[in-house]
Amino acid sequence: MSLSKIATNDMHGEKSAYFDGWKAYDRNPFHPKKNPNGVIQMGLAENQLSFDLIEGWIIKNPVASICTPQGISQFKDVANFQDYHGLAQFRKGVAKFMGKARGDRVKFDPDRIIMAGGATGANEMIMFCLADPGEAFLVPSPYYPAFDRDLRWRTRVKILPVECNKSNNFQITKQALEDAYQKAQEQNIKVKGLIITNPSNPLGTTMKRETLKSLVSFINEKNIHLVADEIYAATVFSSPQFVSVAEVMKEVECNPNLIHIVYSLSKDLGLPGLRVGIVYSYNDDVVSCGRKMSSFGLVSSQTQHLIASMLSDDEFVDNFLVESSKRLGKRHKIFTEGLAEVGIKCLESNAGLFVWMNLQHLLKQHTLEGEMELWHVIIQDVKLNVSPGSSFHSSEPGWFRVCFANMDEDTVHVALNRIKKFVGNSQEEGEAAPAKAKRWKNSNALRLSFSSRIYDETVMAPTMIMSSPHSPMPHSPLVRART
């Protein structure tokens, strides 16, 4: 007997190079001693640079856990809690943290916070609240590959990419939005809203205040919703500062019922495993409906209890935000300067856990096929899991997202050394990078078979084709992304 169409349709998006790279890592994960020639995971946006700060706080505050002798007195009350509104102190702590992550330039109301199972659950929830199957959201590209899963797989909502390119550093323009909106109208597709990521994944950039104002004006004119995914708000490590949509609402005439924010603690605090996702809406009806839907993806009361205690510690939070920003900035500098040594440029960025790396000069042909061929070599020979731009729906071949915060510094240098060797700038060979890069481009020896979705047995074994990156495989990056 066949399974349901919702469960088995191909809108999950798993069959893409983005997820295939994870599977290549799963098959041959790098370890500095046990497997030094394995694949280094640079396709997973995790913030592992400040775990020591959180671990230190937990050690100093054992009462925050109901599983310690100091906190056991709270066990019964916390374990029995089932209200899908969430613990009051949890919502208060998250609201306060959201404000601090935005420089305390805006305040958030705890009563407007809706819980969800991570940003994935939050994004799906807001789609269920705002759109019916067949209706659409505009999404500036390049955008996070798993939006194809989060926003549309079960909701049956359409995603309409709004093309952005290098000509203006991939910034979204009002004209591009107008063009995409009119095209949808011509195709009889009802546009219900616009979803943005700010700071951007994969670009690592923050939106300018004037750009945000124009977006708010646009959705207000069209009477459609704006969903701002701001899960990287506290990962900004250099100017300009992050500007939240919550700030510009005060500066532009708009209907607040059309504005919604998605947030989580996965990136800013580096706690993806705790699955703390948030929808913050200025629309009372969305808050009411979202609370009902949150029953399917609540944050455990044990996690709420711990987080509430942690985020109520102002001294810890203030220090964490400052120190995390410094560490991200340092790591970004190390990585981008290492790439620059071999002539590799990245889009100038000031936030996020990754860089948008330009390898267009290494493409044999300036096409999607050329990008996939190069990606295949990087995975197979260089043994780095970087994500090709096409998986982010980038219109320009040759860009790759590379994550730098999910590993220790020694592993970063291993990765950089592999890249240097690949482009031919190793001192041992005594050969200039441009000459060797040109020779690689002209070589026929590395020509590979490829398609827009890679199924080569050297990257994915047949058994792995049926596996999901969300399955608890022994080395799955979602179980433990160790490098």
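Here, every reference points to the structure presented above.
Being a predicted model, the structure only gives us computed values, none of them experimental.

**Student:** When you look at the pairing of strand β3 (residues 136–141) in this model, what are you seeing that I'm missing?
**Tutor:** On any regular strand, side chains alternate: one points to one face of the sheet, the next to the other face. The buried fraction of β3 amounts to six of the six residues, a majority that puts the element mostly inside the structure. Judged by which residues are buried, β3 turns out to be covered on both faces: Ala136, Leu138 and Pro140 on one side and Phe137, Val139 and Ser141 on the other are all buried. Bridge analysis of β3 against strand β4 (residues 158–163) gives six bridges, and the strand direction is parallel. Considered in β4, the bridge of valine 139 is made with proline 161. In terms of strand pairing, β3 meets strand β5 (residues 191–197) through three bridges, oriented parallel. Following the sheet pairing, alanine 136 is matched in β5 by valine 191.

**Student:** Honestly, the environment of isoleucine 419 in this entry has me stumped. Any pointers?
**Tutor:** Within the secondary structure layout, isoleucine 419 lies in helix α15 (residues 409–423). Distance in space between the C-alpha atoms of isoleucine 419 and leucine 339 is 7.8 Å, their sequence separation being 80 residues.

**Student:** Looking at this structure, I do not really get the packing of aromatic side chains. What am I missing?
**Tutor:** Centre distance and the angle of the planes are the two values used to describe a pair of aromatic rings. Counted according to the given criterion, the structure contains 17 aromatic pairs. With a centroid separation of 5.1 Å and an interplanar angle of 70 degrees, the aromatic rings of tyrosine 18 and phenylalanine 19 are classed as edge-to-face. With a centroid separation of 5.3 Å and 90 degrees between ring planes, the pair formed by phenylalanine 170 and tryptophan 399 is classed as edge-to-face. Taken together, the residues span a long stretch of sequence, with phenylalanine 170 in the loop between β4 and α8 (174–186) and tryptophan 399 in strand β13 (residues 399–403) at a distance of 229 residues. For the residue pair phenylalanine 170 and tryptophan 399, the accessibility class agrees, reading buried in each case. An aromatic cluster is built from Tyr18, Phe19, Trp22, Tyr143, Tyr144, Phe147, Phe170, Trp356, Phe392 and Trp399, whose rings are joined through pairwise contacts. Above the ring of tyrosine 263, the side-chain terminus of arginine 102 is found at 4.8 Å from the ring centroid.

**Student:** Got a minute to help me understand helix α9 (residues 209–222) in this structure?
**Tutor:** Two residues of an α-helix separated by three or four positions point the same way, owing to the 3.6 residues in each turn. Over its 14 residues, α9 runs 20 Å from end to end, which matches the ideal 20 Å to within 8%, given 1.5 Å per residue. Among the residues of α9, Thr211, Leu212, Leu215, Val216, Phe218 and Ile219 are the ones counted as buried. When α9 is viewed along its axis, its buried side chains cluster within an angular range of 155 degrees and face the same direction. Of the exposed residues in α9, those oriented more than 90 degrees away from the buried face are Glu210 and Glu221. The inward-facing, buried residues of α9 contact β3, α8, β5, β6 (225–229), α10 (245–248) and β7 (259–264).

**Student:** Help me out: how do you make sense of the nonpolar core in this one?
**Tutor:** For soluble globular proteins, nonpolar side chains are generally found buried alongside one another. Among the nonpolar cores identified, the biggest contains 82 residues, and Phe108 and Leu138 are the most heavily contacted of them. Broken down by element, this core gets its largest block of residues, six residues, from helix α5 (residues 88–101). For phenylalanine 108, the contacting residues outside a window of four places in its chain are Ala95, Met98, Gly99, Arg102, Ala246, Ile261, Tyr280 and Tyr282. Grouped together as the second largest cluster of nonpolar side chains are 66 residues, Ala45, Ile159, Leu339 and Phe354 included.

**Student:** I would appreciate a short explanation of the sheet that holds β13 in the present structure.
**Tutor:** Strand pairing within a sheet occurs via backbone hydrogen bonds; the two strands may be parallel or antiparallel. Pairing within the open sheet is antiparallel, and its four strands lie in the order β9-β10-β13-β12. Strand pairing shows two members of the sheet lacking a second neighbour, β9 (345–346) and β12 (387–388), which therefore form its edges. As paired strands, strand β10 (residues 354–358) and β13 are joined by five bridges and run antiparallel to one another. The residue bridging asparagine 358 from the neighbouring strand is tryptophan 399, located in β13. Here helix α14 (residues 368–382) sits on the sheet and contacts β12 and β13; the angle it forms with β13, its principal contact strand, is near 30 degrees.

Rules used in this analysis
- Residues numbered from 1 in each chain as written.
- Predicted model: local features only at pLDDT ≥ 70, side-chain atom pairs only at ≥ 80, totals over all residues.
- Heavy atoms only, no water.
- Buried < 20%, exposed > 50% of the residue type's maximum accessible area, 1.4 Å probe, protein only.
- Helix = DSSP H or I, 4+ residues; strand = E, 2+ residues; numbered from the N terminus.
- Pairing = 2+ DSSP bridges.
- Phe/Tyr/Trp six-rings, centres within 6.5 Å; stacked < 30°, edge-to-face > 60°.
- Lys NZ or Arg CZ within 6 Å of the ring centre and 35° of its normal.
- Expected span 1.5 Å × (residues − 1).
- Arc of directions from axis to C-beta.
- Contact = heavy atoms within 4.5 Å.
- Core = buried A, V, L, I, M, F, W, Y, C linked by side-chain atoms within 4.5 Å.
- Axes fitted to C-alpha atoms, helices over the stretch in contact; angles between N-to-C directions.

Coordinates in, geometry out; function isn't part of it.
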